[in-house]
Amino acid sequence: MNAHASTAQAERSQPVHIGDHLREWRQRRRMSQLDLAGEAEISARHLSFVETGRAAPSRDMVLRLAERLDVPLRERNVLLVAAGFAPAFPQRPLEDPALKSARQAIDLVLKAHEPNPALAVDRHWNLVSANRMVAPLLDGVPQHLLGQPVNVLRLAFHPEALAPRTVNLAEWCGHLLERLHRQCEATADPELIKLYNDLKSSPLPARSAPLSSDNVAIPFKLRHGGEILSFFSTTMVFGTPVDITLSELALETFFPADERTAERLKQMHRAAGGA
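Note that the structure is predicted; figures quoted are calculated from it, not measured.

Reading the values: rules and limits
- Residues numbered from 1 in each chain as written.
- Predicted model: local features only at pLDDT ≥ 70, side-chain atom pairs only at ≥ 80, totals over all residues.
- Heavy atoms only, no water.
- Helix = DSSP H or I, 4+ residues; strand = E, 2+ residues; numbered from the N terminus.
- Buried < 20%, exposed > 50% of the residue type's maximum accessible area, 1.4 Å probe, protein only.
- Pairing = 2+ DSSP bridges.
- Phe/Tyr/Trp six-rings, centres within 6.5 Å; stacked < 30°, edge-to-face > 60°.
- Lys NZ or Arg CZ within 6 Å of the ring centre and 35° of its normal.
- Salt bridge = Lys/Arg side-chain N within 4 Å of Asp/Glu carboxyl O.
- Expected span 1.5 Å × (residues − 1).

**Q** Would you explain the environment of Arg30 in this entry?
**A** Looking at where Arg30 falls in the secondary structure, it is placed in the loop between helix 2 (18-28) and helix 3 (33-40). Relative accessible area serves as the criterion here: at 58%, Arg30 is assigned to the exposed category. On a C-alpha basis, the gap between Arg30 and Trp172 in space is 29 Å, while along the polypeptide they are 142 residues apart.

**Q** Help me understand the pairing of strand 3 (residues 220-224) in this model?
**A** Consecutive side chains along a regular strand alternate between the two faces of the sheet. Here strand 3 shows a buried face lined by Phe220, Leu222 and His224 and an unburied face lined by Lys221 and Arg223. Sheet analysis places strand 3 next to strand 4 (residues 227-236), joined by 5 bridges and oriented antiparallel. For Arg223, the partnering residue across the bridge sits in strand 4 and is Ile228. Between strand 3 and strand 4, which pair antiparallel in sequence order, lie 2 residues; one of them, Gly225, sits at a positive phi of approximately 60°.

**Q** Whenever I open this one, the packing of aromatic side chains confuses me. Can you help?
**A** Each aromatic ring pair is specified by the distance between its two centres and by the angle formed by the two planes. Scanning the entire structure with this criterion turns up 4 aromatic pairs. Aromatic pair Phe220 and Phe254: ring centres 6.2 Å apart, planes at 55°, arrangement tilted. Linking Phe220 in strand 3 with Phe254 in strand 5 (residues 250-256), this pair joins segments that are 34 residues apart in sequence. Through a chain of ring-to-ring contacts, three or more aromatic side chains come together here, namely Trp172, Phe220, Phe231 and Phe254. Its guanidinium or amino end placed over the ring of Trp25, Arg28 lies 4.2 Å from that ring's centre, counting from NZ or CZ.

**Q** What's the story with the pattern of salt bridges in this structure? I'm lost.
**A** Two side chains bearing opposite charge may form a pair once their charged atoms approach each other closely. Across all of its chains, the model carries 12 salt bridges by this definition. The partner of Arg123 in a salt bridge is Glu248, with the nearest N and O atoms 3.4 Å apart. On the criterion of sequence distance, the pair formed by Arg123 in the loop between strand 1 (118-121) and strand 2 (127-130) and Glu248 in the loop between helix 12 (244-247) and strand 5 is long-range, its members being 125 residues apart. When its relative accessible area of 24% is taken as the criterion, Arg123 is described as partly exposed. Using a relative accessible area of 18% as the deciding quantity, one classes Glu248 as buried. Linked through salt bridges whose partners overlap, the residues forming this network are Arg74, Arg123, Asp189 and Glu248.

**Q** It is not clear to me how the pairing of strand 2 should be interpreted in this structure. Could you clarify?
**A** Where strand 1 lies against strand 2, 3 bridges are found, and the strand directions are antiparallel. By the bridge assignment for strand 2, Ala120 is matched with Ser129. If you look at the hairpin formed by strand 1 and strand 2, you'll find 5 residues sitting between the two strands, and Trp125 has a positive phi there, around 70°.

**Q** It is not clear to me how helix 10 (residues 169-187) should be interpreted in this structure. Could you clarify?
**A** Owing to its 3.6 residues per turn, the α-helix aligns residues three or four sequence positions apart on the same side. Spanning 19 residues, helix 10 covers 27 Å between terminal C-alpha atoms, matching the ideal 27 Å at 1.5 Å per step. Those residues of helix 10 that sit buried are Leu169, Ala170, Glu171, Trp172, Cys173, Gly174, His175, Leu176, Leu177, Arg179, Leu180 and Cys184. Trailing helix 10 by a residue or two, Ala188 shows a phi angle of about 55°, which is positive.

Below is the structure:
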């Protein structure tokens, strides 16, 4: 499914029957009824009956099918409600006492990653938290672009934010677009699809020559203080979340791609009050 098809699907009226939901997710995952039935250990005939409304699935069957289809927790609740059951997965704000240990884990990872920058984002790429090394990299970004919520992808593409300072803008933003496109296909989230379409229309330079064979990943190269800082990025998520908020959080961590960047980050960390 391309982004255009995803957009059209998100804009039309949402299906109200559990069978409609299941069929759309199955098609989105490019699975046949036979494939899904085999994965869920039910008969293809019974699955067909569920999709057409001739049979009503049990709560356990809804959850089993949703797991095999890798449906996001937020949408699993939608499936359950459509089938006549109560939602199974809570959604709490990060400030909720029940998520105290998760918040502490996020803070620990972000702080431990210093002197390298790291940040946490929600499902729409809005900034949730960051360590002290992120702010120096945003020096010079107009304050009106840093109002809540800060969308880190929009900052990357904005002509008044990081775009003019990104040395390899076409390659880096191309990578971000590809990643966002995969998220749109995986979740069919209307807000993510809108974000993708907005960013895709941004004026970007043509990609330069192919990556050197010496590269192992697409780096993020940023002009800062007359220097070029080069980073590799990695993404971390909670491994076994049963809370919607936690399932949709991602920690984006950056590592220096060369010794000059590593040394400069140490200097910036000391200037920011780090040990």
